[in-house]
Amino acid sequence: MRQLYVGGRVFTADSENPWAEALLVADGLVVAAGTLDECEAVAGDAERIDITGCVALPGFVDGHSHLLMTGSALGKAQLRTATTLEEIRRRLVEWAEA
């Protein structure tokens, strides 16, 4: 299975050419990143996927999460939506009393 991603920006992490306009992927592996003409020349019958307005980060894997911290935060005073100092104080008092 081959996909040709077009229309967005592709971050290459190459210091001499950090951005490409197209990305060709075959069976989950990057085959080409470069100009649209360069990638289309080797794309064959690849499925064309429009990523206009997006940035592609090929090879980027976010291998961590903050699951425990997220769970821990649920037990703390929830202040994110408070809009005034008085609201913060009220929520802290209620949280402490609970």
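Conventions and cut-offs
Residues numbered from 1 in each chain as written. Predicted model: local features only at pLDDT ≥ 70, side-chain atom pairs only at ≥ 80, totals over all residues. Heavy atoms only, no water. Helix = DSSP H or I, 4+ residues; strand = E, 2+ residues; numbered from the N terminus. Rg over C-alpha atoms; globule rule 2.2 N^0.38 Å. Buried < 20%, exposed > 50% of the residue type's maximum accessible area, 1.4 Å probe, protein only. Contact = heavy atoms within 4.5 Å. Areas by Shrake-Rupley, 256 points an atom, 1.4 Å probe, with all protein chains shown as cover. Lys, Arg positive; Asp, Glu negative; His and termini not counted. Charge placed at Lys NZ, Arg CZ, Asp CG, Glu CD. Salt bridge = Lys/Arg side-chain N within 4 Å of Asp/Glu carboxyl O.

Student: Just checking my understanding: could you explain the overall build of the protein for this structure?
Tutor: Counting its secondary structure elements, the protein contains three helices and five strands. In sequence order, the secondary structure elements of the protein are arranged as β-β-β-α-β-β-α-α. At 23 Å, the protein has a C-alpha radius of gyration far larger than the 13 Å of a compact globule built from 98 residues. Dimensions of the protein along its principal axes, counting C-alpha atoms only, are 65 × 25 × 25 Å. Buried positions account for 21% of the 98 residues belonging to the protein. Look at the contacts in the protein between residues 6 or more apart in sequence, and 40% of them connect residues 24 or more apart. Accessible surface, the protein as shown: approximately 7500 Å² in total, 58% of it carbon and sulfur. Between the centroid of the 8 positive side chains of the protein and the centroid of its 15 negative side chains there is a distance of 14 Å.

Student: Please explain the pattern of salt bridges as it appears in this structure.
Tutor: Evaluated as defined, the whole model comprises four salt bridges. Arg48 is the partner of Glu40 in a salt bridge, and the nearest nitrogen-oxygen pair spans 2.6 Å. Glu87 serves as the salt-bridge partner of Arg91, at 2.7 Å between the closest nitrogen and oxygen. With Arg91 and Glu87 both in helix H3 (residues 85–97) and four residues apart, the pair spans about one turn of that helix.

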